[in-house]
Structure formats: C-alpha cells, structure tokens
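Chain by chain, the residues:
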Amino acid sequence: MEKEDRGRTKFWKGVLVGSLVTAFAGLMIVGVATGISLVGRIVMENQSPGQVIESSGAADSDGQELDLHKIGNKILTLQEIVDRYFLFDEDMEKVEAGIYKGMLAGLEDPYTVYYTPEEYTSLTEETEGVYCGIGVLVSQNMETGIITALRVFRGSPAEEAGMQKGDILYKVGDIEASLEDLDMLVKQHIRGEEGTTVDITVLRDGEEIPMTIERRFVETTTVEGQMLDEETGYILITQFEIVTGDQFKQIVAELQEKGMKRLVIDLRDNPGGVLDSCVEIAAFILPDDQWNGTIISTSDKYGKGVRYYSENGEIRYEANDGGGRDPRYPKKDGQELDMPIVVLVNENSASAAEVLAGALRDYGKAELVGTTTFGKGIVQSVLPLDDGSAVKVTVSHYYTPSGFDLHKKGLDPDVEAEPEKSEDGEISYGKYDDVSVETDAQLKKALEVLEDAE
C-alpha cells in the first residue's frame, strides 16, 4: 500500500510539472502506427536499410571506456544478493533487458531507448493509415511521462466512450501510463484485435474517469480541408503519415477547383511523424530557387549529415560524406503552390510539423501565426542488433533551410496569437476537428494576416 501511495504521489507531482513545462515530445502514432489511435510519430526516425550492429564493444568516440571488468564483478555481486535474499522468482530475460535499458537511461536522453526483440518486432510493424485502435491523437511529455489526448476523432471508439481533448491518460488496465514508453504502451496494451476492449482511466479536472473502449479498425485521415470563403482554403494536417502527402495534394486540387486563391495550413497540435511526407508536402509548395533547394538538412557529432532538397523538378537526397544513398529518391516534384499562405502553429507543433513550418517561412512562402512551437530539432535512428533487439538513439540535429537549429527553442510565430478559452478554461478549437472562425481567435488572426498580405 505504501509503495502504491508513493507512486501515486510521484504521478500527481508529474501532472503538476507537466502542466507548467508543456514539453510534449516523444509523440508516437497511437493508431495508425502504434495502437491507441494516432499519436503522431514525432520522432523522425532514420534507419539504414539492412544495417545490423553486432552486440559487442564498449568504447565511445571520446576514447572513454566503461570498466567492463568492474561492472561485471558488481553485477555478479548483485546477482549473489538476489539469489540469496530476493523473495520472489526472478525472470532472467527481464533482468537482462533491464540492464541494457538502464545503461541507455544513464545517457539522460529520453529519446534514446533499448528495445527487446519482442518490442522491436512490434515497433517495426508497418503503418498504412489503417489500424485497430481507439481513435485518439496523444502525446507524451518526455520529462514527466504524462500522456495527453491532443485530439479525439469524430466517430471514433474513444469519442463514443466519452474521451475528450485534454484528458490525461492515467492508466491502461492496471498499468500506470506515465511510467511506460509511449510506443510500447500503445502497441502492446492499447492496440489489439478488433472487437476486444481496453480499460482506460483518464484524469479530467483532477477526477479519475474510467472507461471501457472497444477496439475497431480506424482509417486515419491525416488531412482535412474546406473553403472558409469564396477564395480562402483551410487545410488541417493532424500528423504526418505515409498517406499524408497524397492526401494533401488531393485536397489542394479540390480546393483549387472551388476557387482557392489563398490558404491557411493548420499545424496546431501536430506532433510530427513520417519525415518523407513532410518533405513531399514542402517540395509541393516551395520553389527550388533559394537555399539550393534545401528543405531540411542534418548534422551528427562528426559534422556528417544528409540533405533533402528540390532540383530540376525532383526531390533529392544526398549525404555530405558521399555515402548513405536512399533508394526512395529522387522523386518527381516539379510543383509550386503560388499563393499567399499562413501556417497556424502552437506549443504542440513538433518535429516534422516544425520542419514544414520552418521551410515555408525560410522561403518567404508563409507567415507563422499562433504561439511558439515545441522545439524538437533532433533526429533518431533505430539500429537493429544481431540478437533481434534494437536501440533507438539520437544521432543528429536538423536544421531549417536557413540553417536555424530550433532544438529546445522552437519557432517563434511572425504574428503571436493566443487561443480563446471558454469560462471553464477549455480551448475553443480542436474538440471535434470543427473549424469556426467565430470561436477560433488564432484562425481569425490568420485570416487578417492573409488579407494584409494581399
């Protein structure tokens, strides 16, 4: 009982800290690509095809070495203590995995983690925009572990069960959500077979609200669009998935047929996702006559990196060390969306969403309206090990076309605009993905900026 009380105290302390820090980071896609419903894969993961690392070696690049002999002796001592005194049965596989997880936890980088073979297999399942989950976009504060619902999708099992935007995911079954890695929580505990149920407890205004939600196959629509008036189009991108680039192009075409001559792109509460889709959308909008056509570039601890850019009607990829060819490139582009554009952003616009917003502004194609973005300017790679496990490790910074490093800084808006709140403190947009100029102060400001640009 005492242990449970300590854990509860730690959780509530985390809730309070999370409400002040608002450091949403490790967003994943709990739906399309993981389980709960979209959680937007905020981590832009790069993985070299077929690369497998042999699980041996102990020296880092600075010449410092772990004293493996000392560590080994201490582990043997600890094992002797466990053998002699530990009351319960020992699961050796979990103990071994805990050693590896603990080692990476010592790096104090929340994005660098160890995956067991089972976890890695689950993590690498393909995401095609359809999943069996509950229909919620969530994010995890990487400092406190707190998981928050950013968006509850219309007609989803979660909406039917009563989940709302802003709910804190407290428990999944008996598992305290804030103590788990979001990727694994979603894939292993929230997602499941169609027709089965998952018990979830959320916190809302300090009250615990239990709900039982049936899992269903949910098709993810990551892009929605409509005309706000005879000439103004509005496109909401909830996250970047494999299907997002094509969905964006299709909606642009539909709105242009309806007379669109100016555009608002809404990236608020967009936690990022698949980098290729972001690059594809940026190339579709931008010319290639500035910054050498650069959309995004990266640099690792050795100064090596990659660049995604547009040139001669193609999206291209290059590594500055002469290697690392990506077989998916080049791709056809040859497009430019020539019209006034405003991009809506807020503190939950992260990673790939920041890549798109930063590129559009650097090229002078759009002004940013809203509040300062989250500020995740680092890239992770997933490296498989030869025993079937894997390590996800932070490998590089990324930069906007002008060379700006936004990590832990974010993108400041060109025009700052706070959202309107109701009397009970609820933000006036995003509850059901409805668009209302009357109740959305940030959207209203975006339209004013568009009018001034003409």
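Counting from 1, residues in each chain are numbered in the order their sequence is written. Local features in this predicted model are restricted to residues of pLDDT 70 or higher, and side-chain atom pairs are both shown and tallied only at a pLDDT of 80 or more, whereas totals for entire chains, interfaces and linings draw on every residue. Heavy atoms throughout the structure, all of them, feed into the side-chain values; hydrogens and water do not.

Enquirer: Would you explain a negative patch on the surface in this entry?
Expert: Patches here are clusters of residues that have more than 30% relative accessible area and form no salt bridge, with a 9 Å joining cutoff for like charges and a 5 Å cutoff for nonpolar side chains (Val, Leu, Ile, Met, Phe, Trp, Tyr). Computed with the Shrake-Rupley method and a 1.4 Å probe, the accessible areas treat only the protein chains shown as cover for residues. By salt bridge we mean one thing: a side-chain nitrogen of Lys or Arg within 4 Å of a carboxyl oxygen of Asp or Glu. Counted as positive: Lys and Arg. Counted as negative: Asp and Glu, with His and the chain ends omitted from the count. All charge positions are set by atom: Lys at NZ, Arg at CZ, Asp at CG, Glu at CD. There is a patch of like negative charges on the surface, built from Asp 91, Glu 93, Glu 96, Glu 118, Asp 386 and Asp 387. Working definition: helices are DSSP H or I runs of at least four residues, strands are E runs of at least two. Numbering for both runs from the N terminus. Within the secondary structure, Glu 96 is located in helix 3 (residues 92–105). For the exposure calls, accessible area comes from a 1.4 Å probe over protein chains only, and a residue counts as buried if that area is under 20% of its type's maximum, exposed if over 50%, partly exposed in between. Given the relative accessible area of 39%, Glu 96 is considered partly exposed.

Enquirer: Would you explain the packing of aromatic side chains in this entry?
Expert: By convention here, two paired aromatic rings are described through the distance between centres and the angle between planes. Aromatic pairing here means that ring centres of Phe, Tyr or Trp (its six-membered ring) are within 6.5 Å. Orientation follows from the plane angle: under 30 degrees is stacked, over 60 is edge-to-face, and everything else is tilted. Counted by the stated rule, this structure contains six aromatic pairs. Ring plane angle 90° and centroid distance 6.1 Å describe the contact between Phe 248 and Phe 284, whose orientation is recorded as edge-to-face. One end of the pair, Phe 248, is in helix 7 (residues 244–257); the other, Phe 284, is in helix 8 (residues 275–285), with 36 residues separating them in the sequence. There is no split in this pair, since Phe 248 and Phe 284 are both buried. Residues Tyr 317 and Tyr 329 carry aromatic rings whose centres are separated by 6.2 Å and whose planes lie at 20° to one another, so their mutual orientation is stacked. Residue Tyr 317 is found in strand 16 (residues 314–319), and its partner Tyr 329 is found in the loop between strand 16 and strand 17 (331–332); the two are separated by twelve residues along the sequence. The exposure class of Tyr 329 is buried, given its relative accessible area of 6%. Here a set of aromatic residues connected by ring pairs shows up, and it is made of Tyr 308, Tyr 317 and Tyr 329. Geometrically, a charge over a ring is one whose NZ (Lys) or CZ (Arg) sits within 6 Å of the ring centre while staying within 35 degrees of the ring normal. Sitting over the ring of Tyr 309, Arg 307 keeps its end group 3.9 Å from the ring centre.

Enquirer: Whenever I open this one, the pattern of salt bridges confuses me. Can you help?
Expert: Two side chains bearing opposite charge may form a pair once their charged atoms approach each other closely. What the rule picks out here adds up to 19 salt bridges. When the shortest N-O distance is used, the salt bridge between Lys 365 and Asp 338 registers 4.0 Å. Placement of the pair is Lys 365 in the loop between helix 9 (352–362) and strand 19 (366–370) and Asp 338 in the loop between strand 17 and strand 18 (341–345), with a sequence separation of 27 residues. Judged by relative accessible area, which is 13%, Lys 365 ranks as buried. Using a relative accessible area of 66% as the deciding quantity, one classes Asp 338 as exposed. Through salt bridges with shared partners, one network takes in Asp 266, Arg 268 and Asp 440.

Read these as spatial facts, not as claims about activity.
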